[in-house]
Structure formats: structure tokens, C-alpha cells
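Notes for the structure review
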Amino acid sequence: MSKVVFASISKKFTMALAGLFLITFLPVHLAINLMLLKSDPVPFTQAAHFMATFPLVKIMELVLFATILIHVSYGIYLQIVNWLARPVGYAGGSKSETSFFSRFMIWTGATIFTFLVLHFFNFYFVKIGLVKGDPENFYAMAHGLFKVPAYNYIYLICFSVLGFHLYHAFSSAFQTLGLNHRIWTPVVKTVALIYSIIIPAGFAVIPIILWFFR
Amino acid sequence: MKLTLKIWRQKNAKAAGGFVTYQMNDVSPEMAFLEMLDALNKKLVEEDKEPIAFDHDCREGICGSCGMYINGHPHGPVPAITTCHLSMRFFKDGETVWIEPWRAKPFPVIRDLIVDRTAFDKIQFAGGFISINTGGAPEANLIPVKKEDSDNAFDSAVCVGCGACVAACKNASAMLFVSAKISQFALLPQGRIEARDRVRSMVEKMDELGFGNCSNTGACEAECPKEIKISNIARLNREFYKAY
Ligand code: FES
């Protein structure tokens, strides 16, 4: 039993599953965020209230946090093993043709995680009472943040990076799960491209509209 | 043509190595890369210097021993060939050529450009075989095999175990090698019998030897002299999940 748990492939399997779960969560979050574009704060506040109080969502929230932790800690662990596997690098560099964004997954991942910490300080910690603020008024808080240019720059950069991360992650997860197919793999890659553009763009549209057009 | 060679020199496994620059003034574009190194070695011997140690055997792309990392690529910049098939016509006059050994913790340098690839043998010994006593060759059509499966099994069986996949991978992962060795059996009925134990033992050995993890980057596939595809890695993953 311990053999399967500690095998490299098992760790990647877990990481891939966790990643795919996070991928399914993003559209839900985006759908709620898009309500910020309405000038009426009620729909957003109701949705936020529902997410904060509905029992099933609260359970899913725990699952979500656990998933993030697993994905991040396995990612770091595997990366360290990978670095250790090549103690001496190449003087002539590495010119092999690779999927471009796959080379920077640890760094794009670290950027996203940093944003997540900021995001927790801005919202989640307010909700659980660690940081002061009105948890029933996330609408005003979000609008307030999107008026701060520095925040908007960070937000837009982080969401572009999220797109880079997702593009490799999406199809890579399928390969790790062993789901490779003559016909379906190219389809997965196309969906990955579309997803990794649409989701970050959807998030990015919100500050852009609020910042420039309101 | 004139070339500047920057070659990794290292006396033995323990010694600290470093790059030494050699000037070659009369390289013919018709030479093979290894012939160019032979010429350099001849010169070094004549000058009473230590020749450069590098692995080679068949010089026709089938033994897999001639691996070296040339200008940022395992087996040099031309795809789908081993170093012994590399010709000097792919280099430009005046070019600087960096020649390095494979770099991976499980492939320690023995001397100069030669690395110890026993790690691959250890993975093979862990299960990369069929444990039956071989008698006379049986009638080939006795066990029907789908054409597509036999083709794919053959395509993975052409792996020569040179280690270019490990050398190319930014994680020094051996997944392409192991996946080829798994696939050549997994696709055939004779190989199915021990498939479960095989994948368990080979993956366990691979992990134990300190290879990195596959992050689906694809450098291995791009550099493999035998064009082994990373779809084999997905098959290895499937075989592994099935085995537990
Ligand atoms: S020397 Fe045998 S493959 Fe190159």
C-alpha cells in the first residue's frame, strides 16, 4: 500500500485530480463576480450571502481549501524532487522544443498562490472575522478595490499568469490521468486553450470596465 | 571549416570537471560528428595529451551508447538521430560547439563525456522482460494481434535506451524510457500476463533511483532519436493505475 501512495505517478495523479477540481471551481466564482458589473448590489450580495451560508457550499469550501493545499504542497514537493534530479545544469542551455508554459508552472503557480493570499486578506478573512470589514458588503469592498490602480495592475497581471498556468495544466492533467487519445487529445488541447483565455479574460473584464468605464 | 569546441573534461567520477576549449581548423562538412572527435583525439594523442573519453559502439544508431549533449540538444540539433548519425554539415563555419555529458543525478559522469547509465539497466532488471524459458520460435500467427497494437508495440520497442529523454527533460525524468519499455509488452498478449508486476516494479525502481517527475513538457519526445511518443507515458500512467 505504501508503495502506491509514495509512487511518483500517484502524487501526480492526486495533483492532476486536485487541479481539475480547481478548474471546475473557477467558472462558479467567475459567474458570481460578473454580478459586480450590475449597478444594483443586491444580486451579488445575495449570491455572496448564499455562498457564505448554504451548508453544502460550506462543505465544498472545506473541500476547496483542502484541494488547494494538496495541489500546492504536492506541486512544491515534486518540483524540489525535479530540481534535485539535475544537480548540474547545461552550460549550452536547453534548446529542446517543449510546450512553452510547462517550463514555468512552479512560478506561475507561485504567482497565483500569492494572489490567493492577498485575496484571502481582502475577503475571506473579513468573512471569518480575522480582518475587520463588513462581510455583508463585499460588493462595496470589491468596487472599492477596483478603484485602486495598483490593485488593478496586480489583478490583471495575476489573471494573465493564471491563463498561462491553466493552458498547460488543463491538458497536462488529462495526460497524467492516462487519458490520451488520437482524436480526443487535440480536442482537449483546444478546449484548454479556449478555457485558459475565456476564464481569465472574464475575471479581467470586471476591473477593466469598473476602472475605465464607470 | 573552423570550429571552436567547448568540451566537458572530468578525470573521474569524483574529480571536479570543467570546460576546455579546442580549436579545430580543418573540419570537413562530410565528417560525422564522432569522426570529428576522433580527429581531435588523434591530435591530442600526438601532442601527448589525454584524449577525450566518449561512449560509442555501433556508430549506426542502434546501440544507443553515443549520447552527448551538443549545443543545447541531446544528440545535437538534428531531430530523430543519434550522435553517431550527426554530420558536420549541420554546423556552420566559425561556430562554437558546446559538448557536455548527460546531466542527471542517476547518470553520474564517469569520465569526460561518459556517464554511468546503469540506472536504466536496473529499471530493466526490475521487470522489463518476460520471464519464460525461450524454446524454439513458435508459429507467429498462433496468437492473433491487432495490426495497430503490434505497430505501436514495435514503435516503442525501438527505444535504444540512450538516455536522451532524461538528458532533455528539465526534470531529468525517465518516464519516456520506462513508458517505452512498458508499452512494448503491455500492447501484446504475451506481455499482459506479467503486466501488473512489471509496471509496479519498474516505476518503483525508477523512483528509487532519483529520476525526476514527468511534467508533460514534451522535451523527451522532441529529442528522442527513435521518435518515441509521449502517448506512451499516458499508457504507462494507465498501466500503473490498473496495477493497483
Ligand atoms: S554509437 Fe551506437 S547508437 Fe551511436
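In what follows, the structure referred to is the one given above.
Residues numbered from 1 in each chain as written. Chains lettered and ligands numbered in written order. Predicted model: local features only at pLDDT ≥ 70, side-chain atom pairs only at ≥ 80, totals over all residues. Heavy atoms only, no water.

1. Side note on the layout of surface pockets
By volume, the second largest pocket amounts to about 1,200 Å³. Forming the boundary of the second largest pocket are 46 residues, of which Q175, N180 and T185 of chain A together with I230 and S231 of chain B lie nearest the centre. Looking at the lining of the second largest pocket, the elements that each hand over two or more residues are helix 7 (149-176) and helix 8 (184-212) of chain A together with helix 3 (147-157), helix 8 (219-223) and helix 9 (231-243) of chain B. Examining the composition of the lining of the second largest pocket, we find that seven residues originate from one element, helix 9 of chain B, more than from any other. The residue inventory of the lining of the second largest pocket, partitioned by class, reads 14 nonpolar, 17 polar and 15 charged. (1 Å grid on protein atoms, 1.4 Å probe; cavity = no way out; pocket = protein on both sides within 12 Å on 5 of 7 lines; lining within 4 Å. Points joined across faces, edges and corners; volume = space filled by probe spheres on them. Helix = DSSP H or I, 4+ residues; strand = E, 2+ residues; numbered from the N terminus. Nonpolar A, V, L, I, M, F, W, Y, C, P; charged D, E, K, R; others polar.)

2. Looking at the nonpolar core
Ranked by internal contacts, the top residues of the largest apolar core, which has 45 residues, are F107, F120, I123, V166, V178 and F211 of chain B. For this core, the secondary-structure elements that each account for two or more residues are helix 2 (118-125), helix 4 (164-168), helix 5 (175-186), helix 7 (195-208) and helix 9 of chain B. When residues of this core are assigned to their parent elements, the largest contribution, seven residues, is made by helix 5 of chain B. Setting aside chain neighbours within four positions, we find F107 of chain B in contact with W102, V115, D116, R117, A119, F120, G163, V166 and F211 of chain B. A16, Y139, F146 and I199 of chain A belong to the second-largest nonpolar core, a separate cluster that totals 37 residues. (Core = buried A, V, L, I, M, F, W, Y, C linked by side-chain atoms within 4.5 Å. Buried < 20%, exposed > 50% of the residue type's maximum accessible area, 1.4 Å probe, protein only. Contact = heavy atoms within 4.5 Å.)

3. A word on the packing of helix 3 (residues 42-53) of chain A against helix 4 (residues 55-84) of chain A
Residue and element names in this part refer to chain A. Relative to each other, helix 3 and helix 4 sit at 70 degrees, their axes nearing to 5 Å. Taken together, the axes of helix 3 and helix 4 lie roughly perpendicular to each other. Facing helix 3, whose interface residues are F50, M51, A52 and T53, helix 4 presents P55, V57 and K58. The residue inventory of the contact of helix 3 with helix 4, partitioned by class, reads five nonpolar, one polar and one charged. (Axes fitted to C-alpha atoms, helices over the stretch in contact; angles between N-to-C directions. Parallel < 35°, antiparallel > 145°, perpendicular 65-115°, else oblique.)

4. Re a nonpolar patch on the surface
Residue and element names in this part refer to chain A. Side chains of I76, I80, W83, L84, F100, F104 and W107 sit close together on the surface and give an oily, nonpolar patch of about 740 Å² of accessible area. Per element, the largest residue contribution to the nonpolar patch is four residues, and it comes from helix 4. Relative to the assigned elements, I76 resides in helix 4. Residue I76 is classed as partly exposed on the basis of its relative accessible area, which comes to 42%. (Patch = residues over 30% accessible without salt bridge, like charges linked within 9 Å, V, L, I, M, F, W, Y side chains within 5 Å. Areas by Shrake-Rupley, 256 points an atom, 1.4 Å probe, with all protein chains shown as cover. Salt bridge = Lys/Arg side-chain N within 4 Å of Asp/Glu carboxyl O.)

5. Focus on the pairing of strand 1 (residues 3-9) of chain B
Residues and elements named next belong to chain B. Among the seven residues of strand 1, six are classified as buried, and the element is accordingly described as predominantly covered. Sheet topology note: the strand 1/strand 2 (residues 18-24) ladder contains seven bridges and is antiparallel. Considered in strand 2, the bridge of L3 is made with M24. Looking at chain direction, strand 1 and strand 5 (residues 96-100) are connected through four bridges and run parallel. Bridge pairing in strand 5 links L5 to V97. (Pairing = 2+ DSSP bridges.)

6. Details of the side chain of T83 of chain B
Residue and element names in this part refer to chain B. Mapped onto the elements, T83 comes out in the loop between strand 4 (73-74) and strand 5. Assessed through its relative accessible area of 0%, T83 is described here as buried. A polar contact is formed between the side chain of T83 and the backbone oxygen of C66, at a distance of 3.1 Å. A polar side-chain atom of T83 sits 3.0 Å from a polar atom in the side chain of H75. (Polar contact = N/O pair within 3.5 Å; in protein donor to acceptor, adjacent residues only side chain to side chain.)

7. Concerning the packing of helix 3 of chain B against helix 5 of chain B
Pairs of packed helices are described in terms of their axes, by the angle between the two and the distance that separates them. Residue and element names in this part refer to chain B. Across the interface, helix 3 lies against helix 5 with an axial gap of 8 Å and an inter-helix angle of 145 degrees. Judged by the twist between their axes, the crossing of helix 3 over helix 5 is left-handed. Listed contacts from helix 5 to A153, S156 and A157 of helix 3 are A180, S183 and Q184. (Left-handed = near helix turned anticlockwise from the far one by under 90°.)

8. Structural notes on the interface of chain B and chain A
Each partner contributes to the interface: chain B provides 48 residues, whereas chain A provides 37 residues. Carbon and sulfur atoms make up 51% of the area that chain B and chain A hide from each other, which totals about 3,300 Å². Among the residues of chain B in contact with chain A, N213, N216 and Y241 of chain B are the three that bury the most area, contributing 19% of the side total. Put simply, chain B and chain A have zero salt bridges between them. Ranked by residue count, the leading element in the side of chain B that touches chain A is helix 9 of chain B, at eight residues. Classifying every residue of the side of chain B that touches chain A by side-chain character gives 27 nonpolar, 13 polar and eight charged. (Buried area = accessible area lost by both parts, 1.4 Å probe.)

9. Comments concerning empty space enclosed by the protein
Residue and element names in this part refer to chain B. Counted by the stated rule, this structure contains three cavities of 30 Å³ or more. Taken as a whole, the largest cavity spans an internal volume of roughly 140 Å³. Forming the walls of the largest cavity are 17 residues, and the residues nearest its centre are C169, C214, T217, G218 and C220. Only helix 5 and helix 8 provide two or more residues apiece to the lining of the largest cavity. A per-class count over the lining of the largest cavity returns nine nonpolar, seven polar and one charged. In this model, the second largest cavity occupies a volume close to 90 Å³. No other element matches helix 5, which puts three residues into the lining of the second largest cavity. Counted by class, the lining of the second largest cavity contains 12 nonpolar, two polar and one charged residues.

10. Regarding the packing of aromatic side chains
All names here are of chain A. For the coordinates displayed, the defined rule picks out 36 aromatic pairs over all chains. With a centroid separation of 5.5 Å and an interplanar angle of 75 degrees, the aromatic rings of F115 and F159 are classed as edge-to-face. Residue F115 is located in helix 5 (residues 105-127), and its partner F159 is located in helix 7; the two are separated by 44 residues in the primary sequence. F115 gets classed as buried once you look at its relative accessible area, which sits at 8%. Ring plane angle 40 degrees and centroid distance 5.9 Å describe the contact between Y151 and Y155, whose orientation is recorded as tilted. Of this pair, Y151 and Y155 both sit in helix 7, four residues apart, which is roughly one turn of the helix. In terms of burial, Y151 and Y155 fall into one category: buried. (Phe/Tyr/Trp six-rings, centres within 6.5 Å; stacked < 30°, edge-to-face > 60°.)

It is worth stressing that arrangement in space is one thing and function is another; only the former is reported here.
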